[in-house]
Amino acid sequence: MTYAITQTCCNDATCVAVCPVNCIHPTPEERAFGSTEMLHIDPRACIDCGACADACPVDAIFPVDSLSPAQREYADINAAYYEGGEPAAGTTEGPNFHVWGEPVFGRSLPSDFGPLRVAVVGTGPAGMYAAQDLLLHTAAEVTLIDRLPVAGGLVRYGVAPDHPATKKVGDTFSRFHSHPRVRMHLGIEVGRDVTAEELAAHHDAVIYAVGASTDRRLGIPGEEGPGCLSATSFVAWYNAHPEAVAQGVDLSAERVVVVGNGNVALDVARILVADPEELAGTDIAAHALEALRASRVREVVVLGRRGPDDAAYTRSELLALKHLPGVELVVDDHDARTGAAIDAAGAGDRAGLLRGLARARTAAGSPRPGRGADRRIVLRFHSEPVEVLGDAGARSVRVTDGGGGGGAVDLAAGMLLRAIGYRGLPVPGLPFDEASGTVPHEGGRIAGLPGGYVVGWIKRGPSGGIGANRTCAAETVGTLLADAVAGALPAPTGGAKAFRRLARRRNRRVVDARGLAAIDRAERDRGRRDGRSRVKLATVEELVATARAGRLLRLTR
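Parameters at a glance
Residues numbered from 1 in each chain as written. Predicted model: local features only at pLDDT ≥ 70, side-chain atom pairs only at ≥ 80, totals over all residues. Heavy atoms only, no water. Pairing = 2+ DSSP bridges. Helix = DSSP H or I, 4+ residues; strand = E, 2+ residues; numbered from the N terminus. Axes fitted to C-alpha atoms, helices over the stretch in contact; angles between N-to-C directions. Phe/Tyr/Trp six-rings, centres within 6.5 Å; stacked < 30°, edge-to-face > 60°. Buried < 20%, exposed > 50% of the residue type's maximum accessible area, 1.4 Å probe, protein only. Arc of directions from axis to C-beta. Contact = heavy atoms within 4.5 Å. Polar contact = N/O pair within 3.5 Å; in protein donor to acceptor, adjacent residues only side chain to side chain. Patch = residues over 30% accessible without salt bridge, like charges linked within 9 Å, V, L, I, M, F, W, Y side chains within 5 Å. Areas by Shrake-Rupley, 256 points an atom, 1.4 Å probe, with all protein chains shown as cover. Salt bridge = Lys/Arg side-chain N within 4 Å of Asp/Glu carboxyl O. Lys, Arg positive; Asp, Glu negative; His and termini not counted. Charge placed at Lys NZ, Arg CZ, Asp CG, Glu CD.

**Let's talk about the sheet that holds strand β16 (residues 385-389)**
- Across the sheet, three strands lie side by side as β16-β17-β18; this open sheet has antiparallel pairing. The open sheet has two edge strands with one neighbour each: β16 and β18 (408-412). Within this sheet the neighbouring strands show an average axis-to-axis angle of 20°, counted without direction.
- The pairing of strand β17 (residues 396-400) with β18 spans five bridges and is antiparallel. Residue V399 lies in a different strand from β18, and its bridge partner there is V409.

**Digging into the packing of aromatic side chains**
- In this structure the tally under the stated criterion is five aromatic pairs.
- Plain terms: the ring middles of F234 and Y238 are 5.4 Å apart, the flat faces sit at 90° to each other, and that makes the pair edge-to-face. Of this pair, F234 and Y238 both sit in helix α9 (residues 231-238), four residues apart, which is roughly one turn of the helix.
- Residue classification places F234 among the buried positions, given a relative accessible area of 0%.
- Each residue in the set F234, W237 and Y238 is aromatic and connected to the rest through ring pairs, giving one cluster.

**Focus: helix α17 (residues 496-506)**
- F499, L502 and A503 are the residues of α17 that are buried. In an axial view of α17, the angular spread of the buried residues amounts to 95°, which keeps them on one side of the axis. Of the residues in α17, the exposed ones pointing more than 90 degrees away from the buried face are K497, R501 and R505.
- Buried residues along α17 sit in contact with β6 (141-146), β7 (182-186) and α8 (196-201).

**What to know about the side chain of R375**
- By secondary structure assignment, the location of R375 is in strand β15 (residues 375-380).
- On the basis of relative accessibility, which here comes to 15%, the residue R375 falls in the buried class.
- A polar contact is formed between the side chain of R375 and the backbone oxygen of V273, at a distance of 2.3 Å.

**A few points about helix α10 (residues 263-273)**
- In terms of residue burial, α10 counts as a mostly covered element, since nine of its eleven residues are buried.
- If you check which residues of α10 are buried, you get A265, L266, D267, V268, A269, R270, I271, L272 and V273.

**Considerations on the sheet that holds strand β19 (residues 415-418)**
- Spatial ordering of the open sheet is given by β10-β19-β11-β12-β15-β13-β14, a layout of seven strands whose pairing is parallel. Here the strands that pair on one side only, and so sit at the sheet edges, are β10 (228-230) and β14 (358-360). Neighbour-to-neighbour, the strand axes of this sheet turn through a mean angle of 25°, independent of strand direction.
- Taken together, the four bridges between strand β11 (residues 255-259) and β19 define a ladder with parallel strand orientation. Within the sheet, the bridge partner assigned to V258 lies in β19 and is L417.
- Contacting β10 and β19, α9 crosses the sheet at an angle of about 75° to β10.
- Sheet strands touched by α10: β11, β12 (299-303), β13 (327-332), β15 and β19. Its angle to β15, the strand with the most contacts, is close to 160°.

**Considering the pairing of β15**
- Along β15, six of the six residues are buried, which leaves the element largely enclosed by surrounding structure.
- Alternating residues of β15 divide into R375, I377 and L379 and R376, V378 and R380, and every residue in both groups is buried.
- With five bridges joining them, β13 and β15 adopt parallel strand pairing. Following the sheet pairing, V331 is matched in β15 by L379.

**A closer look at a positive patch on the surface**
- Together, K497, R500, R501, R505, R508 and R514 give the surface a local cluster of positive charge.
- Structurally, the position occupied by R500 is in helix α17.
- In this structure R500 comes out as partly exposed when scored by relative accessible area, which is 41%.

Take a look at the structure:
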């Protein structure tokens, strides 16, 4: 019996480090790492030890014999990656099953080097991988800062609620929240409460992990009207982001058009047509669950400007759509190029995954789900929006129709969601590249700002999932430590206590690690009462009040 890596793979390569036979690829040392959608276990070399499954932070690895019907395709996906290649070579001359190279400690400081004081701005995956690296490889003291009064970033507010295994990576990060060398200041925003200069003055180095928090525009007429939302806003709405408007999404129409062909586009399409009772046990926002129960949406049309071979979604996310109960997955055949690409695709090609799906022309008027399903998702390739029509909100979306000949069709729709990519925003006090939406850097070192560093999407642009931030953080931390050894870090003029006083003087509602623990307890308690994993507090006021109440309760015991 061998193991297989499945849909929720986060690509952070924790499993690679523990495999005794080196049968998981690509590894971080290989050129293909970061360019594949997931990691793969070689079934010919796997010895069924289960070390990878124990180490996986997102529960993505299972014995092949125990895969559910919806997961069985992953056994073939893992095996197909190694077709034509040789299995990993073993050795019988020692207790290890293969020859390991000499250990390398690339991110460390000399033993006589004093502890650094490093601020990490942002508590999502990028920031927490950087903090983890510093805490595990050095004696650094880390200050965690976030503009929201709760930690988590993309894990808390970006991962779809029906992907609970992916959210488990947050448990890996949360163990560092109460680390003895960590100080936490949540609810502090750089540029509003403290300046970048003040932050630098109290730390040896500052790592900015602020992500890409806004979206890209379509640039079409009607885009700014009611009924047109960014996927960023919609994801924030169903994930109970405190800056999302709780009652801001109208689901009274039967069709929604989603523009984009990435994983986020598939996420929002899936949530829109999922059975609300299947979501009821997750941490989806209470207001979103209520709205989805009353929703009249029966069809989601996903528009892709290019063909099925060029879609940006991963194969695992597409496979998940094929197993949604009560939902039909359809390919729109308005353009002959789509069917031709699917028919000509090989088994391992992205377009090949669409073979066997129903093909039908999308009706301009009311949707007509078939095959006994009452809801459906339509993948419409070689099509893009031209205009959103309607006075008081979206009533139809004009889209290009067929063969690139300039034709168009008006699809009746109550909402248009744009999911065409994220974009970073400037951080006051830091340089910013408007063209790429990133902070200019060299190996993570901010150009022209000694002691300043970046990691994650604000560093490399909005590409790569959660696990990609692990290698990204390793590079940035390595650069920071090299600068420290070279004496290139400016000496701070203030200490940790001085910064704590400064932060609390500027913002009386700062949440610390004890307050964060109180929020976590309160949300889990609410979840237990409702039969859910947790019920999130959805406003800044609720989060801050809960943190304060929990802190006072602990102090009075």
